[in-house]
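Structural overview
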Amino acid sequence: MKNRTIILITILTIIISICMATVWKVNKRHEEREVLVVEKRIIEGAIECFNKDDCEGDKVTLDTLIKKGYAKKEINPLTKTYYNLESYVIKNENYEFIEI
């Protein structure tokens, strides 16, 4: 009877551990994708601004994009706060959003 209890507890511990690790991984991936979606919206606004020659240089701030109507104030899904308006998109080979 004692061996059976130990085996059952071991199996339950393994199952619970696997489930917890899976839930954590899925949650982490979901958070990363949420951030990616918001940042892509900002970058798409910057690309449109650069393509229409409304933005000059290789860098444009979020504040400029909002004032020109290419983006709106966005909330960081992880911190639940608005992105700093001094955050910017830089145009190199690719476009990259830099959060300040």
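Values in this document were obtained by computation on a predicted structure and should not be read as measured data. (Residues numbered from 1 in each chain as written. Predicted model: local features only at pLDDT ≥ 70, side-chain atom pairs only at ≥ 80, totals over all residues. Heavy atoms only, no water.)

1. Quick look at unusual backbone geometry
Selection criterion: Going along the chain from the N terminus, every DSSP run of H or I of four or more residues is numbered as a helix, and every run of E of two or more is numbered as a strand.
Even without glycine at this site, D53 takes up a positive phi of about 60°. Here D53 lies in the loop between α1 (2–51) and β1 (59–61). Positive phi outside glycine occurs at K80, with the angle close to 60°. Tracing the backbone through its elements, the reader meets K80 in the loop between α2 (62–67) and β2 (88–91).

2. A short note on the nonpolar core
Convention followed: Nine residue types can take part in a nonpolar core, namely buried Ala, Val, Leu, Ile, Met, Phe, Trp, Tyr and Cys, and a core is a set of them joined through side-chain atoms within 4.5 Å. Accessibility here uses a 1.4 Å probe with only protein chains present; expressed as a share of the type maximum, an area under 20% marks a residue as buried, one over 50% as exposed, and anything in between as partly exposed. We call two residues in contact when some of their heavy atoms are within 4.5 Å.
Among the nonpolar cores identified, the biggest contains 16 residues, and I42, V60, L65, Y83 and V89 are the most heavily contacted of them. Of all the secondary-structure elements, those providing two or more residues to this core are α1 and α2. Discounting chain neighbours no more than four positions away, the residues touching Y83 are V35, V38, E39, I42, L62, E74, I75, N76, P77, F97 and E99.

3. Digging into the packing of aromatic side chains
Which entries qualify depends on this criterion: Two aromatic rings, drawn from Phe, Tyr or Trp (for Trp, its six-membered ring), form a pair once their centres lie within 6.5 Å of each other, and the interplanar angle then sorts them: stacked below 30 degrees, edge-to-face above 60, tilted otherwise. We call a charge positioned over a ring when the NZ of a Lys or the CZ of an Arg lies within 6 Å of the ring centre and within 35 degrees of the ring normal.
Under the defined criterion, the tally for this structure stands at two aromatic pairs. Between Y83 and F97, the ring centres sit 5.3 Å apart and the planes meet at 85°, which makes this aromatic pair edge-to-face. Taken as a pair, Y83 in the loop between α2 and β2 and F97 in strand β3 (residues 95–98) lie far apart in primary sequence, 14 residues in all. Exposure remark for Y83: the relative accessible area of 4% places this residue in the buried category. The ring centre of Y88 lies 4.4 Å from the NZ or CZ of K59, which sits over that ring.

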